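The lines below spell out each chain.
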Amino acid sequence: MSTQQTESTGRPGRYQRSFSGLISSLLVTVLVIGGLLYFMGAFRSSTEIKPEAVDYLETVQSAQQAGLTPVYPSALPQGWISTGVDVTPSEEDPVFMVRMLTGKERFVAVRQERATSSALLTKWVDEETQAGAGYTVPASVAAPVAREWKGYTDKGGDAAYVAKVGENTVLVFGSASKQELQSIVDALVTTKIR
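Overview of the structure. Predicted model only: the values in this text are computed from it and were never measured.

1. Here we look at a nonpolar patch on the surface
Then comes step 1: On the surface, Phe19, Leu22, Ile23 and Leu26 cluster together into a nonpolar patch covering about 420 Å² of accessible area.
Then comes step 2: Tracing the chain through its elements places leucine 22 in helix H1 (residues 19-42).
Then comes step 3: We classify leucine 22 as partly exposed; its relative accessible area is 45%.

2. Section: the environment of lysine 164
Then comes step 1: Locating lysine 164 in the fold gives a position in strand S7 (residues 159-165).
Then comes step 2: Along the backbone, lysine 164 and arginine 114 are 50 residues apart, and their C-alpha atoms lie at a distance of 9.5 Å.
Then comes step 3: Filtering out sequence-adjacent residues up to four positions away, lysine 164 remains in contact with Ala115, Ala146 and Thr169.

3. As for unusual backbone geometry
Then comes step 1: Positive phi values are uncommon outside glycine, yet glutamate 105 reaches one of about 60 degrees.
Then comes step 2: Here glutamate 105 is to be found in the loop between strand S3 (95-101) and strand S4 (107-113).
Then comes step 3: The class for glutamate 105 is partly exposed, based on a relative accessible area of 39%.

4. Some remarks on the pairing of S7
Then comes step 1: Within S7, six of the seven residues are buried, which leaves it mostly tucked inside the rest of the structure.
Then comes step 2: Note that strand S6 (residues 148-153) and S7 share four bridges and pair antiparallel. Looking at the pairing, lysine 150 lines up with valine 162 of S7.
Then comes step 3: Counting the residues in the hairpin turn of S6 and S7 gives five residues, including glycine 157, whose phi is positive at 95 degrees.

The rules behind these values
- Residues numbered from 1 in each chain as written.
- Predicted model: local features only at pLDDT ≥ 70, side-chain atom pairs only at ≥ 80, totals over all residues.
- Heavy atoms only, no water.
- Patch = residues over 30% accessible without salt bridge, like charges linked within 9 Å, V, L, I, M, F, W, Y side chains within 5 Å.
- Areas by Shrake-Rupley, 256 points an atom, 1.4 Å probe, with all protein chains shown as cover.
- Salt bridge = Lys/Arg side-chain N within 4 Å of Asp/Glu carboxyl O.
- Helix = DSSP H or I, 4+ residues; strand = E, 2+ residues; numbered from the N terminus.
- Buried < 20%, exposed > 50% of the residue type's maximum accessible area, 1.4 Å probe, protein only.
- Contact = heavy atoms within 4.5 Å.
- Pairing = 2+ DSSP bridges.

So yeah, pure geometry; function would need other evidence.
Below is the structure:
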C-alpha cells in the first residue's frame, strides 16, 4: 500500500489575522518610535530655539525711501539683536516699530505712531501704567530726537519712556532694565541711511 503525500506547492503559508493582533503591532510600533525619539532627545545638548536676528537698518532704509521718517536706534548695544520690524507706510497713520532682545534675552521695542501717549501705553505696556521717573538725554548726545522723556512702569516690572517727536509719539518699552531702555533712547535717530 502506498501512502499518498500531498504537498501544496506554490501556495503561501497561512497565519492568523485578528483585530487584537493589529492593535498589538500598532502599539509596538508606537512604543519603538517613542523610545527612539526619547533616545535622540536625551543626547541633544539644547532643545532651546534661539531667535533669529533681522537687519532692521535695511528696513529703515526702505521705509525712508517710501517717504517715512522712522525713529530708530543708530546701533544696538553689544550682544543685542533685532528680532523684527513692523512698518505701516500710511499717510494718515504711519507706524514704525523695531523689536529687540538684549544679551540676556530681555525684550525692548521702539514704537512710533500718531497716537496719544496713553493709547500707546495701554496697548503696548499695560492698561494700568503708572507715571515714574522721567529721563533727560545727556548733553553728550548732540542731537537727540527728544531731550525730555516721560517715564512709566507697570506692576509686572516693565518700564517705558515716551516723547513727542514731530507729529508722532515715540514709545521705548520692555522688560529690560531702565538703564538698558535709556541706552536705546540715547541712540535714537532719524538720520537718512545712504
